[in-house]
Structure formats: C-alpha cells, structure tokens
Amino acid sequence: MSREVEHEPERHRYVITVDGADAGTAYYVDADGSRVFTHTVVDPAYEGRGLGSELVAAALADTRDAGLRITPQCPFVAAWVKRHHEYDDIIDAAAD
C-alpha cells in the first residue's frame, strides 16, 4: 500500500493518498504567522489505519519547516498535539 501526503497550498489543505486515491484531508488557513488547522477528515473506507495521524504529522512538520506557528482549531489536530509534544514550542492556543 503506497501512502503519500501532498500539500495543496492553492486549496489550503494537505491530502493523504493511498495507492493514488484521496483518503484524507487536513484543511487550514494562514493568518498572522500561524497555520490554523480547521478541519481534518479521513474517508470512512480508510479509517483505523493511522492515516489521520500520518497526515497531521506531515502537515505539522511542513508547517514548522515553513517557519509558521500552529493553531489547532480542529479537534483531531488538537488531540494529536496533546499526545505529541515535539510541536509544543510552536503551538498557539485555539480560540474558543
């Protein structure tokens, strides 16, 4: 099974594909030096394979490489960063 995460900046999203088929998407907006993650979804046909975590890990690594901070408004991203402290130094609190 081939997995790949692609950044589609013109559509403000990251997409994970499995064998060439879209399996999940993480949406964001950039604002004031921060990439605000707003929604993450994995196609039900692909759930339970760790694709959401793989997608978010790649998206956050790319965000760090771009020199941006991370604002996790998406509940999935917020829960993920609470378990993965390697991004604590660039996390901004989500607005409630």
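1. Observations concerning the environment of V56
Relative to the helices and strands, V56 is located in helix α1 (residues 51–65). Overall, the relative accessible area of 2% leaves V56 in the buried class. Taking the C-alpha atoms as reference points, V56 and V15, 41 residues apart in sequence, are found 9.7 Å from one another. The contacts of V56, once residues within four sequence positions are left out, are T40, F76, V77 and W80.

2. Re the pairing of strand β2 (residues 13–18)
Counting buried residues in β2 gives 6 out of 6 residues, a clear majority hidden from the surface. Of the two faces of β2, the one holding R13, V15 and T17 and the one holding Y14, I16 and V18 are both buried throughout. Inspection of the sheet shows strand β1 (residues 3–8) paired to β2 by 6 bridges, in the antiparallel sense. Following the sheet pairing, E4 is matched in β2 by T17. Counting the residues that bridge the hairpin from β1 to β2 gives 4 residues, and of these H12 lies at a positive phi of roughly 55°. Summarising the sheet, β2 and strand β3 (residues 21–31) pair through 6 bridges and their orientation is antiparallel. Bridge pairing in β3 links Y14 to A26.

Conventions adopted
- Residues numbered from 1 in each chain as written.
- Predicted model: local features only at pLDDT ≥ 70, side-chain atom pairs only at ≥ 80, totals over all residues.
- Heavy atoms only, no water.
- Helix = DSSP H or I, 4+ residues; strand = E, 2+ residues; numbered from the N terminus.
- Buried < 20%, exposed > 50% of the residue type's maximum accessible area, 1.4 Å probe, protein only.
- Contact = heavy atoms within 4.5 Å.
- Pairing = 2+ DSSP bridges.

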